[in-house]
Amino acid sequence: MNRFALGTIEVTAAASAALKASQTDLEQITSRHARGDWGNVDEFRQRANERGIEQDLLIMSTYPLENSIHILVITARDRSVTRVLLSDEYERREVSALEGYDQIAVTYDTGGNPLAAAEELVVEAMLTEFDISRALDAGVGKGRHALRLARRGISVTGFDQSSGMLRMAHQAATAER
């Protein structure tokens, strides 16, 4: 049984040729992907895919063929399209921290991050120790800590280099007013 919709299936010419040469059926590969059989991905990607199903995020699987060739299957966040390509065709590019945070602003801290959960305990303990009326949240991100402080009646100023993160923090603060 499929766990998510695949949308339109797009296959690159190189992936099509590799599947044909290895006598591997495209439907078999895409069916495994849709059922949640992620193929040869690491534990991080497995967890990311599970979150992807729950939170409408990108889902990516990889399946080995012969001669060290790997097929990637990538389903878009909106489930409108699933792309099948060779791993060599997948464009990986390095970005600055600023650009990276802008790109992940929407999905940043959407659950499944054990560091954020551990951090919450430490921050909560710190807040009970101090009597403060004003705070500066440097690197505010999506405003998680700034909002917690504001709920306690503390005047908070937050800044971040990432305009995407600031936009998310502003939306969160506006929603709480």
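Residues numbered from 1 in each chain as written. Predicted model: local features only at pLDDT ≥ 70, side-chain atom pairs only at ≥ 80, totals over all residues. Heavy atoms only, no water.

**A look at the nonpolar core**
And then number 1: Judged by nonpolar contacts, Ala 15, Ala 18, Leu 19, Ile 29, Tyr 63, Leu 65, Ile 71, Val 73, Val 84 and Leu 86 together constitute the single largest core of ten residues.
And then number 2: The contact partners of Ile 71, leaving out residues within four places of it in the chain, are Ala 15, Leu 19, Ile 29, Ser 61, Thr 62, Tyr 63, Leu 65, Val 84, Leu 85 and Leu 86.
And then number 3: With seven residues, the next largest nonpolar core counts Leu 6, Ala 34, Val 41 and Ile 59 among its residues. (Core = buried A, V, L, I, M, F, W, Y, C linked by side-chain atoms within 4.5 Å. Buried < 20%, exposed > 50% of the residue type's maximum accessible area, 1.4 Å probe, protein only. Contact = heavy atoms within 4.5 Å.)

**Some details on the confidence of the model for the protein**
And then number 1: Per-residue confidence for the protein gives a mean pLDDT of 89, with 96% of residues at or over 70.
And then number 2: Confidence, expressed as mean pLDDT per element, reaches its minimum in the protein at helix 5 (residues 114-129) with 78 and its maximum at helix 2 (residues 26-35) with 97. (pLDDT = per-residue confidence, 0-100. Helix = DSSP H or I, 4+ residues; strand = E, 2+ residues; numbered from the N terminus.)

**What about the layout of surface pockets?**
And then number 1: Space inside the second largest pocket adds up to approximately 270 Å³.
And then number 2: For the second largest pocket, the lining is made up of 13 residues, of which Ala 146, Val 156, Gly 158, Ala 169 and Ala 173 are closest to its centre.
And then number 3: Among the elements that make up the lining of the second largest pocket, the one with the highest residue count is helix 7 (residues 163-176) (four residues).
And then number 4: When grouped by side-chain class, the residues that make up the lining of the second largest pocket number eight nonpolar, four polar and one charged. (1 Å grid on protein atoms, 1.4 Å probe; cavity = no way out; pocket = protein on both sides within 12 Å on 5 of 7 lines; lining within 4 Å. Points joined across faces, edges and corners; volume = space filled by probe spheres on them. Nonpolar A, V, L, I, M, F, W, Y, C, P; charged D, E, K, R; others polar.)

**Section: unusual backbone geometry**
And then number 1: A positive phi angle, near 60°, is found at Asn 67, a position not held by glycine.
And then number 2: Tracing the chain through its elements places Asn 67 in the loop between strand 2 (59-64) and strand 3 (70-75).
And then number 3: For Ser 68, which is not glycine, the phi torsion reads 60° and is therefore positive.
And then number 4: By the element assignment, Ser 68 lies in the loop between strand 2 and strand 3.

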